[in-house]
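# Commentary on secondary and tertiary structure
One letter stands for each residue in the lines below.
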Amino acid sequence: MAQIVPPKYVRQVLMRLQAHGFPAYLVGGCVRDTLMNTHPNDWDICTAATPEQITGVFPHSRPTGIRHGTVTVSIHSHAVEVTTFRADGSYSDHRHPDQVRFVGDLTADLARRDFTMNAIALSAEGILIDPFGGAADIQKRVIRCVGEPRERFEEDALRMLRCLRFSARLGFSVDGATLAAIGECAPLTATLAAERVRDELQKTLLTASPEALFLFSDLGLLDSYLDKRMQEQLSLCRIAGLPRRTPERWAALCRLLEQQGCISSTERFLSALRLDHRTIRICREACRILREPLPESPKAWKQCLRISGVESAAVAARVADVLLSGGHTRALKEVLKSGECFSLSHLAVTGNDLSALGFQGRAVGEMLDFLLDYVIEYPENNKRELLLLLAGTTEE
Ligand code: ATP
Ligand code: MG
């Protein structure tokens, strides 16, 4: 039996519900993780109590997903999500159930869940309720839909992406019928909100097996976002060598997609997936740097920093270290450590200084650019008097 036991506050929630006559169980990811002997991110509880009854039992609680019957209970400074047993109605849009129905029955609640490994309940006494054979599938390390895979993907197309994401994260294989149904139902992903697709891709990108994204593309789950499917998986393995941070991993993915001709613009691809502006900007700049030969001298790095900024240059260097060859991050760090000037904000003269010398309008910017070029070439000369003299003598 599993060695990981739920913390005391979680057991208290379960027992208090039961003491009020409401059956209550741990369910979903926390049971799966416990059976795999890994620590769950959070502990979710399902119960026969309605949302009103849950708030009646726990005064420090608030409804957080009333449509889905979820109440967040605060207990000893922890938050636990407690959800009423429910069965989902039909799904005419392949995304949302038309209506959800609260039911008194745990098995009906487990039946609406996506995969057998996620459809196991665990009681406070340590008893597993596992009507779909989830524990055996966990043992076999296989992901299998609850029920008929095609129907389940037709109900909610996101489950196909969740399946491949869990497979990447847990290192599980996908059951044959489930995989075949993904191939058949892949076009339904076109109906999904881009944000939901992005979240699944990003979670997969941040696992130890980002090369799983090849399968997303190969099965057609990304057809709405790619000009053509990926042809090559091996290079995606290199992404695992990057820190688990979003800008680095998205930038590396975009660069590989560009190289394989799957996207024509990183910015357009990431915007379609509703990535945030900062990540889009960093990835766009990093990919621009990566398209050219990487800087080889401190001077070239300073020019690169001047144009793209420190953040994007650092991301490009880290991506280049894993996709091309090592040493770029180290070289960039040396340049940054030197403290040498690469931006107007560190130039020893300002626009005001030049105005005082008689420069006007565009000439101010042009002279600043000229002086920055000069200082990048001769870092030891970033001195106010010297630059003013230079500006004065260079004045047309
Ligand atoms: P994680 O550790 O990534 O949070 P999880 O299994 O807890 O994994 P959640 O997305 O938090 O995943 O969902 C909690 C549970 O709700 C799942 O274990 C599953 O039982 C159910 N579930 C979530 N999304 C769906 C879905 N789209 N279709 C069916 N069941 C789902
Ligand atoms: Mg979860």
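Residues numbered from 1 in each chain as written. Chains lettered and ligands numbered in written order. Predicted model: local features only at pLDDT ≥ 70, side-chain atom pairs only at ≥ 80, totals over all residues. Heavy atoms only, no water.

Before going further, it helps to examine empty space enclosed by the protein. Left-over empty space is what a probe sized like a water molecule reveals as it rolls over the atoms. A full pass over the atoms with the stated rule returns 1 cavity of 30 Å³ or more. Size it by volume and the largest cavity reaches roughly 40 Å³. Every residue lining the largest cavity is listed: Leu-201, Leu-213, Leu-222, Leu-226, Met-230, Leu-253, Leu-257 and Phe-269. For the lining of the largest cavity, the residue count by class is 8 nonpolar, no polar and no charged. (1 Å grid on protein atoms, 1.4 Å probe; cavity = no way out; pocket = protein on both sides within 12 Å on 5 of 7 lines; lining within 4 Å. Points joined across faces, edges and corners; volume = space filled by probe spheres on them. Nonpolar A, V, L, I, M, F, W, Y, C, P; charged D, E, K, R; others polar.)

With that out of the way, let us pick up the packing of helix α9 (residues 194-205) against helix α12 (residues 246-259). Where α9 contacts α12, the two axes come as close as 10 Å, and the packing angle between them is 100 degrees. Between α9 and α12, the interaxial angle falls into the category roughly perpendicular. Each of Arg-198, Leu-201, Gln-202 and Leu-205 in α9 lies in contact with α12, whose residues at this interface are Thr-246, Arg-249, Trp-250 and Leu-253. Its residues assigned to classes, the contact of α9 with α12 shows 4 nonpolar, 2 polar and 2 charged. (Axes fitted to C-alpha atoms, helices over the stretch in contact; angles between N-to-C directions. Helix = DSSP H or I, 4+ residues; strand = E, 2+ residues; numbered from the N terminus. Parallel < 35°, antiparallel > 145°, perpendicular 65-115°, else oblique. Contact = heavy atoms within 4.5 Å.)

Our next topic: the site of ligand 1. Inspection of the region around ligand 1 gives 14 residues, with Arg-32, Asp-156, Arg-159, Arg-162 and Arg-169 positioned closest. At 3.3 Å from an oxygen atom of ligand 1 is found a main-chain nitrogen or oxygen belonging to Gly-29. Here Asn-118 contributes a backbone N or O atom positioned 2.9 Å from an oxygen atom of ligand 1. For ligand 1, the cavity whose grid points lie within 2 Å of the majority of its atoms is the largest pocket. Those elements that place two or more of their residues in the shell around ligand 1 are α2 (29-35) and α7 (158-170). Among the elements that line the shell around ligand 1, the one with the most residues is α7, at 5 residues. (Near = heavy atom within 4 Å. Polar contact = N/O pair within 3.5 Å; in protein donor to acceptor, adjacent residues only side chain to side chain. Sits in = over half its atoms within 2 Å of the grid points.)

Turning to helix α18 (residues 362-377), a few remarks are in order. Look at α18: 23 Å from first C-alpha to last across 16 residues, which is about the 22 Å you get at 1.5 Å a residue. Where α18 is buried, its residues meet α15 (298-323), α17 (351-356) and α19 (384-394). (Expected span 1.5 Å × (residues − 1).)

Of the strand pairs in this sheet, strand β2 (residues 44-47) and strand β5 (residues 78-84) are connected by 4 bridges, and their pairing is parallel. From the neighbouring strand, Asp-44 faces β5, where its bridge partner is Glu-81. Pairing of strand β4 (residues 70-75) with β5 involves 6 bridges; the strand directions are antiparallel. Bridge pairing in β5 links Val-71 to Val-82. (Pairing = 2+ DSSP bridges.)

How big an interface is tends to be expressed through the accessible area that disappears when the partners come together. When the domains of the protein chain are assigned, the result is domain 1 (1-140), domain 2 (222-338) and domain 3 (341-396). The C-alpha centroid of domain 2 is placed 41 Å from the C-alpha centroid of domain 1. (Domains from an automatic or database assignment.)

Looking now at α7. Across its 13 residues, α7 extends 18 Å between first and last C-alpha, which sits within 8% of the 18 Å expected from 1.5 Å per residue. Counting buried positions over the 13 residues of α7 gives 11, a clear majority of the element. Three or more residues of α7 are buried, namely Leu-158, Arg-159, Met-160, Leu-161, Cys-163, Leu-164, Arg-165, Phe-166, Ser-167, Ala-168 and Leu-170. (Buried < 20%, exposed > 50% of the residue type's maximum accessible area, 1.4 Å probe, protein only.)

Taken as a whole, this structure holds 34 salt bridges when the rule is applied. Of the charged contacts, one joins Arg-144 and Asp-137 as a salt bridge, the two residues approaching to 2.8 Å between their closest N and O atoms. Judged by its relative accessible area of 27%, Arg-144 falls in the partly exposed class. Of the charged contacts in the structure, one is a salt bridge between Arg-362 and Glu-366, with a shortest N-O distance of 3.2 Å. Taken as a pair, Arg-362 and Glu-366 lie in helix α18 at a separation of 4 residues, close to a single helical turn. What makes Arg-362 exposed here is its relative accessible area of 68%. The network of salt bridges with shared partners includes Asp-137, Lys-140, Arg-144 and Asp-175. (Salt bridge = Lys/Arg side-chain N within 4 Å of Asp/Glu carboxyl O.)

For the rest of this paragraph, the subject is the packing of α7 against helix α8 (residues 176-185). With their axes 10 Å apart at the nearest point, α7 and α8 run at an angle of 135 degrees to one another. One way to sum up the angle between α7 and α8 is to call them oblique. α7 and α8 meet at a crossing whose hand is left-handed. Counted together, Met-160, Cys-163 and Leu-164 of α7 and Thr-178, Ile-182 and Cys-185 of α8 form the full contact between these two elements. Split into classes, the residues belonging to the contact of α7 with α8 amount to 5 nonpolar, 1 polar and no charged. (Left-handed = near helix turned anticlockwise from the far one by under 90°.)

Right, let's talk about the environment of Thr-38 for a bit. Along the chain, Thr-38 falls in the loop between α2 and β2. Judged by its relative accessible area of 37%, Thr-38 is partly exposed. Measuring from C-alpha to C-alpha, the distance between Thr-38 and Arg-284 comes to 37 Å, with 246 residues separating the pair along the chain. Leaving out residues up to four positions away in the same chain, Thr-38 has contacts with Ile-4 and Asp-33.

Right, let's talk about unusual backbone geometry for a bit. Residues other than glycine seldom take positive phi values, yet His-76 does so here, at roughly 45 degrees. Its location among the elements puts His-76 in the loop between β4 and β5. Of note, Arg-274 is a non-glycine position whose phi angle comes to about 60 degrees, a positive value. With respect to the helices and strands, Arg-274 occurs in the loop between α13 (266-272) and α14 (277-291).

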